Amino acid sequence: MAEGVLSFPLTSFHADGSLDADGFRAYVAGQLAAAPGALFPACGTGEFFSLDEDEYRQVVGVAVEEAGGRVPVVAGVGYGWAQAARFARIAEEAGADALLVLPHYLVAAPQDGLVAQLEQLAARTSLPLIAYQRGQVAYTAHSLTRIARIPGVIGLKDGHSDLDRLQRLTLAAPDGFLFFNGAATAEIQARAYATVGVPAYSSAVHAFAPEIADAFFAALRDGEQGTADKLLRDFYVPLVELRDRVPGYAVSLVKAAARLRGRPVGPVRAPLTDPSTADLAELRTLLGAGLDLVGASL
């Protein structure tokens with residue numbers, strides 16, 4: 001999974017908010033054509049929090065069918081461990097290869113509780129688990145050694161961007177334990193994460209412009225710092241500034257960019273909202289400029 005950008009596909013909805021399974025299939029096929037390192041359906045970018053169990057089954061099933069074993073399919077699960085276990089069973093039946101355990105719902109919890117959450121879920125699925133620390137979930141180095149001993153827990157995705165903490169976690173982890181950069185617009189911090197031993201990252205940009213995401217990944221891999229800097233300065237940083245303008249734009253702006261490119265993803269579901277007309281126009285200009293940088297077009 002460190003050999004390519006990790007794809008977190010958007011979930012396609014019709015204009016009335018219902019699931020568009022055919023649109024999602026076509027969209028996932030496009031994502032796979034860009035050869036990502038893995039496919040993570042029904043996670044945060046895929047609006048897991050807005051899917052019912054039947055919709056979730058369809059989304060994961062389509063992703064597995066389209067992937068056809070070419071790349072790992074890692075499905076999102078979340079809420080409390082009991083609900084996460086229900087989604088885990090569905091993902092397992094659909095043929096997923098592993099699970100990304102999204103942060104639990106609402107409440108803060110002590111370290112013992114965070115560990116117990118994974119223990120309870122791991123006992124109820126045969127699929128490997130990747131823990132996701134973000135929001136109210138943040139593991140200590142001691143807790144990391146505990147979760148790494150839970151059968152089936154294979155890695156950690158980090159969304160806090162606290163490099164001091166993350167370095168302590170990587171040093172405490174056993175050999176072979178996986179780490180992923182899960183920061184919002186992860187490319188901004190990709191070089192910093194790599195310095196503490198975490199080169200693999202998820203890319204929201206891959207969801208709408210895999211040409212840009214792949215060009216940045218290749219620049220980092222090949223040590224082309226000038227190319228990476230130009231992409232950061234002229235595309236990624238302005239994108240983050242636009243994304244930070246409105247809560248929820250981390251998903252809805254990405255979905256709007258995909259629609260601008262003719263991808264069949266539809267609108268977001270409440271409580272998210274689609275971008276304003278003015279922000280959409282700014283996004284169109286920025287997307288065109290970013291594609292120009294890598295020799296692609298809108």
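Notes on the structure follow. Counting starts from 1 at the beginning of each chain's written sequence and moves along it residue by residue. Under the rules for a predicted model, residues below a pLDDT of 70 receive no local features and side-chain atom pairs below 80 are neither given nor counted, while totals for whole chains, interfaces and linings still include all residues. In computing side-chain values, all of the structure's heavy atoms are included and hydrogens and water are not.

Attention shifts here to the pattern of salt bridges. Should a side-chain nitrogen of Lys or Arg be within 4 Å of a carboxyl oxygen of Asp or Glu, the pair is scored as a salt bridge. The tally for this structure, following the rule as stated, stands at 16 salt bridges. Measuring nitrogen to oxygen at the nearest pair gives 3.0 Å for the salt bridge that ties Asp222 to Arg221. Think of it in three bands: with a 1.4 Å probe and only protein chains considered, a residue is buried below 20% of the maximum accessible area for its type, exposed above 50%, and partly exposed in between. For Asp222, a relative accessible area of 44% puts it in the partly exposed group. When salt bridges with common partners are traced through the structure, they connect Arg25, Glu65 and Glu66 into a single cluster.

Moving on to the packing of helix α8 (residues 210-221) against helix α9 (residues 225-243). Contact geometry for α8 and α9: axes closest at 8 Å, N-to-C directions at 145 degrees. Here α8 runs over α9; the crossing is left-handed. Contacts from Ile212, Ala213, Ala215, Phe216, Ala219 and Leu220 of α8 reach α9 at Thr227, Ala228, Leu231, Leu232, Phe235 and Tyr236. Polar here means any residue outside two lists: the nonpolar Ala, Val, Leu, Ile, Met, Phe, Trp, Tyr, Cys and Pro, and the charged Asp, Glu, Lys and Arg; Gly therefore counts as polar. Here the residues of the contact of α8 with α9 sort into 11 nonpolar, one polar and no charged. In this analysis, axes come from line fits to C-alpha atoms, helices being fitted only over the stretch in contact, and the angle between any two N-to-C directions falls in the range 0 to 180 degrees. Strands here mean DSSP runs of E at least two residues long; helices mean DSSP runs of H or I at least four residues long; both are numbered from the N terminus. By the definition used in this description, the sense in which the near helix is turned from the far one sets the handedness, with an anticlockwise turn below a right angle giving left-handed and a clockwise turn giving right-handed. Any two residues having at least one pair of non-hydrogen atoms within 4.5 Å are treated as being in contact.

To continue, consider the packing of α9 against helix α11 (residues 277-293). Put simply, α9 and α11 touch, their axes get as near as 10 Å, and they point 165 degrees apart. Comparing their axes, α11 and α9 come out roughly antiparallel. Handedness of the crossing formed by α9 with α11: left-handed. Residue-level contacts link Lys230, Leu231, Asp234, Phe235, Pro238, Leu239 and Leu242 of α9 to Asp279, Glu282, Leu283, Leu286, Leu287, Gly290 and Leu293 of α11. In this scheme, roughly parallel covers angles under 35 degrees and roughly antiparallel covers those over 145, while 65 to 115 is roughly perpendicular and the rest are oblique.

Along the chain, Ala270 connects to Pro271 via a cis peptide bond; the corresponding omega equals 15 degrees. Along the chain, the position of Pro271 falls in the loop between α10 (249-260) and α11. The phi angle at Ala42 is positive, at roughly 55 degrees, despite the residue not being glycine. As for its position among the elements, Ala42 is in the loop between β2 (38-39) and α2 (53-67). Judged by its relative accessible area of 1%, Ala42 falls in the buried class.

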